[in-house]
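# An overview of the molecular structure
Listed below are the residues making up each chain.
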Amino acid sequence: MEIVFQLVVQRVAVLSFHTSPLAQPGSGVYRSEDAGVTWRYLNTYNNRPFYYSQIRINPVDDSKVYLLTTRFMVSTDGGTTFANGSEDEEVHGDFHAMWLDPTDEDRYYLGMDKGAGLTHDGGQAFLLYDNLAIGQYYRIGVDMRDPYHVYGGLQDNGSFAGPSFTREARGVLNDDNWKMHWGDGQDVQIDPTNWRKVYTSAEGGSFRTLDPVTRRFGGSPPERSNILNYGDRERSLRFNWSAPLVMSPHDPGVIYLGGNYLFRTDNGGDTWRIISPDLTTDDSSKWNRRHGGLTPDNSGAEMHATATTVAESPVVAGVLWVGTDDGNVQVTRDGGRTWTNVRSQLEGVVPANTWVDRIEPSRFDPGTAFVVFDGHRQNRFDPWIFRVTDYGKTWTALGAGLPEGEVVHVVRQDPTNPALLFAGTEFGVWGTLDGGRTWHRLGAGFPTVAVQDLVIHPRDRDLIAATHGRSLWILDDITALEQLIPETADQAAYLFDQRPATLWQNRSRGGQRGHFWFGGGNPPGFAAVGPLPRAPARSLAVVTFWLREWPAAGAVLEIASRDGSKKRTIALEPGEGLLRIGGVDRRPWPQRRAL
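Rules used throughout
Residues numbered from 1 in each chain as written. Predicted model: local features only at pLDDT ≥ 70, side-chain atom pairs only at ≥ 80, totals over all residues. Heavy atoms only, no water. Helix = DSSP H or I, 4+ residues; strand = E, 2+ residues; numbered from the N terminus. Contact = heavy atoms within 4.5 Å. Areas by Shrake-Rupley, 256 points an atom, 1.4 Å probe, with all protein chains shown as cover. Pairing = 2+ DSSP bridges. Axes fitted to C-alpha atoms, helices over the stretch in contact; angles between N-to-C directions. Buried < 20%, exposed > 50% of the residue type's maximum accessible area, 1.4 Å probe, protein only. Patch = residues over 30% accessible without salt bridge, like charges linked within 9 Å, V, L, I, M, F, W, Y side chains within 5 Å. Salt bridge = Lys/Arg side-chain N within 4 Å of Asp/Glu carboxyl O. Lys, Arg positive; Asp, Glu negative; His and termini not counted. Charge placed at Lys NZ, Arg CZ, Asp CG, Glu CD. Core = buried A, V, L, I, M, F, W, Y, C linked by side-chain atoms within 4.5 Å. Phe/Tyr/Trp six-rings, centres within 6.5 Å; stacked < 30°, edge-to-face > 60°. pLDDT = per-residue confidence, 0-100. Polar contact = N/O pair within 3.5 Å; in protein donor to acceptor, adjacent residues only side chain to side chain.

## Re the overall build of the chain
Summing up its helical and strand segments, the chain has two helices and 48 strands in all. Along the first, second and third principal axes, the C-alpha atoms of the chain reach 90 × 65 × 45 Å. The long-range fraction of contacts in the chain, counting pairs at least 24 apart against all pairs at least 6 apart in sequence, stands at 48%. For the chain, the exposed area adds up to about 27600 Å²; of that, 50% sits on carbon and sulfur atoms.

Here it is, written out as structure tokens:
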């Protein structure tokens, strides 16, 4: 058995170990004062040792002992008794890291699922570092307000929502965002016709509705009491930790939730219907298990043989695709009455039982979809993306242009250009202009980080990336990429159709905030004039064009009023644009009320 202990002054050590009452050695806290030769059993507390079991000793005073678990537990009597060191939960949730000042017993840092904190008074008060963009997002959704808001579920930090733009010169600030609910947030779906109808989920198939204005919750997840056709099913319901929740693209009142069955509600979760058989392998070894070694534990994350991705064709209602964590790819063409598992077409290509991370139905053909497999749990790191046609009869691999070892998590097809795809991988975002034959990494400052979800805003055509560790990133206005078809690229010069620009009224708050604040970047159509807190902001019209090669004599951009009576000519120089991808160039132009 592996044991870990920490030596301190006077050869005192404390150990976290496995359980029983104090009369008999078991799980809990042990103390040694002879460098580990003998141990004394002090306390049975040892919350989820397979996940935590971290123990620290104050280097100045060895009577102060700290346990990093779901709670931050503190002892002032050498480990005999412990109390909650963050009872008010201002620093909270799954503590994993700690640094103790070797010269000041009251000063230490804590690292937890919700960030990092510092105390100078032994834990009576903490400074929470909320200026770190380190959110771990699972999945995201967007509404249709202007500016639109982004909603998303985070690892052990509930679900948050916030604006993509606020007319604040300093950008989108932390206090522009708000927490919808606790738990491990997952999917969020927003009614595109009414942004006050939000459907949100948390770990293990938890479900609720939410009104962002009143903050009133409603609905319930599917269970025996609210499933209208539960019948005499012997199997219990199973849900993945990240059970997929999706809205029908044909009717925003229809919501699907994936478990071992596919569930549908038409009334916000008041009642549900099962619209499938068990879509998994129903292998009991994948769900009838306990974890934790000598200290069994089952948090829900261990539940498998469950759906991991659900999607309905935006072309034809009732064409539904479901992928599971044990490798099945199921499709129905009649709203769930009959199902076909099309996974057998990949025999010998992708190992059986490989996790299906995402299915993206084609925006143009009801029988086509894009399927992503994630094999890292089986020590396979292939970039598996496939285009599936004929409702699963034909599979074409699209990952050849991606680096080996770059596991793919999500793929999205552009709504207007069928050849434009985006992929989120373990290390970033990639794009293709030719349907997957060649891929290009989208860099320009994007971090090396796992991308768990991608959304193309249906109106604004922004690409939003949800990362697992670096929060949310937005690539503003991909309309040029949508228009960059081969006929465009063959031309020496091309002026793209431009996205409408808005003349925004500045609503910056001004005032000093110190230096420990974070502001998400503004879109290129709005910029601060100067670095000071009281600096004004101005609106910009963004003009995007294509030059296959930069002319030796330079280039000129002419902007004219609709009737041609007013014109302005701008001499362009290479490299001045906000964005340059190949020959695509983008220039900001200060807006006026008239040219």
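## Examining the sheet that holds strand E19 (residues 198-202)
Strand order in the open sheet made by the four strands is E18-E19-E20-E21, with antiparallel pairing throughout. Each edge of the open sheet is held by one strand with a lone partner, namely strand E18 (185-190) and strand E21 (216-218). Here the strands of the sheet are splayed against their neighbours by 30° on average, with no regard to which way each runs. As judged from the five bridges shared by E19 and strand E20 (residues 206-211), these two strands associate in the antiparallel manner. Paired with Val-198 across the strands is Leu-210, a residue of E20.

## Some remarks on the pairing of E19
Across the five residues that make up E19, a large majority, five, are buried. Of the two faces of E19, the one lined by Val-198, Thr-200 and Ala-202 and the one lined by Tyr-199 and Ser-201 are each fully buried. In this structure, the hairpin formed by E19 and E20 is closed by a connection of three residues, where Gly-204 is found at a positive phi of approximately 70°.

## Considering unusual backbone geometry
Looking along the chain, the bond that leaves Asp-146 and enters Pro-147 is cis, with omega of 0°. Looking at the secondary structure, you find Pro-147 in the loop between strand E13 (137-142) and strand E14 (149-154). Even without glycine at this site, Asp-94 takes up a positive phi of about 55°. Its location among the elements puts Asp-94 in the loop between strand E8 (83-84) and strand E9 (95-100).

## Observations regarding a negative patch on the surface
Where like charges cluster on the molecular surface, the negative patch consists of Glu-87, Asp-88, Glu-89 and Glu-90. According to the relative accessible area criterion, Glu-87 is exposed, its value standing at 66%.

## Structural notes on the environment of Gly-443
Topologically, Gly-443 is positioned in the loop between strand E37 (440-441) and strand E38 (451-456). Residue Gly-443 is classed as partly exposed on the basis of its relative accessible area of 38%. For the pair formed by Gly-443 and Gly-428, sequence separation is 15 residues and the distance between their alpha carbons is 8.1 Å.

## A word on the pattern of salt bridges
All told, the structure shown has 27 salt bridges when counted by the stated rule. Residues Arg-358 and Asp-453 are paired through a salt bridge, measuring 2.9 Å at the closest nitrogen-oxygen approach. Placement of Arg-358 in strand E30 (residues 355-361) and of Asp-453 in strand E38 is noted, with a sequence separation of 95 residues between them. Arg-358 sits in the buried class, given a relative accessible area of 7%. A salt bridge links Arg-380 to Asp-382; its shortest N-O distance comes to 3.0 Å. Within the structure, one salt-bridge network assembled from shared partners comprises Glu-168, Asp-175, Asp-176, Arg-509 and Arg-513.

## So, the pairing of strand E26 (residues 307-312)
Counted residue by residue, E26 has six buried out of six residues, so it is predominantly covered. As paired strands, E26 and strand E27 (residues 320-324) are joined by five bridges and run antiparallel to one another. What sits directly across from Glu-312, in E27, is Leu-320.

## Comments concerning the nonpolar core
Formed by 16 residues in total, the largest nonpolar core has its most connected members in Trp-321, Val-329, Ile-359, Val-371, Phe-373, Phe-386 and Trp-395. Residue assignment for this core shows that the elements contributing at least two residues are strand E28 (329-332), E30, strand E31 (369-374) and strand E32 (384-389). Not counting the four nearest positions on each side in its chain, Ile-359 is found in contact with Thr-309, Ala-311, Trp-321, Val-322, Gly-323, Val-329, Ala-369, Phe-370 and Val-371.

## Here's the deal with the packing of aromatic side chains
Taken as a whole and assessed by the stated rule, the structure comprises 22 aromatic pairs. The interplanar angle of 20° and the centroid separation of 6.4 Å between the aromatic rings of Tyr-199 and Phe-207 together place this pair among those described as stacked. Phe-207 gets classed as buried once you look at its relative accessible area, which sits at 2%. For the ring pair Tyr-494 and Phe-496, a centre distance of 5.3 Å and an interplane angle of 75° mean the geometry is edge-to-face. Of the residues examined, Tyr-494 reaches a relative accessible area of 25% and is grouped as partly exposed.

## Structural notes on the sheet that holds strand E39 (residues 463-467)
As summarised here, the arrangement of the three strands in space is E38-E39-E40, forming an open sheet in which the pairing is antiparallel. Each of the sheet's edge strands pairs with one partner strand only, and the pair in question is E38 and strand E40 (472-475). Going from strand to strand, the sheet's axes swing by 20° on average, the running direction of each strand aside. Across four bridges, the pairing between E39 and E40 is antiparallel. Bridged to Leu-463 within E40 is Leu-475.

## Examining the environment of Leu-173
Turning to its location among the elements, Leu-173 is positioned in strand E16 (residues 172-173). Residue Leu-173 is classed as buried on the basis of its relative accessible area, which comes to 1%. Each C-alpha atom of the pair Leu-173 and Trp-272 lies 39 Å from the other, and the pair is 99 residues apart in sequence. Beyond its immediate chain neighbours, meaning those up to four positions away, Leu-173 contacts Glu-168, Arg-509, Arg-513, Trp-517, Phe-518 and Gly-519.

## Section: the confidence of the model for the chain
Looking at the chain as a whole, the pLDDT averages 90, with 92% of positions reaching at least 70. Within the model, the stretch residues 1-11 combines pLDDT values under 50 with 30 contacts to residues more than four positions away or in other chains. Low pLDDT, under 50, characterises residues 578-582; the stretch is placed with nine contacts to residues that sit more than four places away or in other chains.

## A word on the environment of Val-449
Assignment of secondary structure puts Val-449 in the loop between E37 and E38. Under the relative-accessibility criterion, Val-449 is labelled buried at 9%. Note: C-alpha distance between Val-449 and Gln-483 (34 residues apart in sequence) is 28 Å. Leaving out residues up to four positions away in the same chain, Val-449 has contacts with Thr-425, Glu-426, Phe-427, Gly-428, Thr-467, His-468, Gly-469 and Arg-470.

## Considerations on the side chain of Asp-143
Checked against the element boundaries, Asp-143 lands in the loop between E13 and E14. What makes Asp-143 buried here is its relative accessible area of 0%. A polar side-chain atom of Asp-143 sits 2.9 Å from a polar atom in the side chain of Arg-145. Excluding anything up to four places from it in sequence, Asp-143 contacts Tyr-148, His-149, Tyr-151, Ile-190, Trp-195 and His-457.

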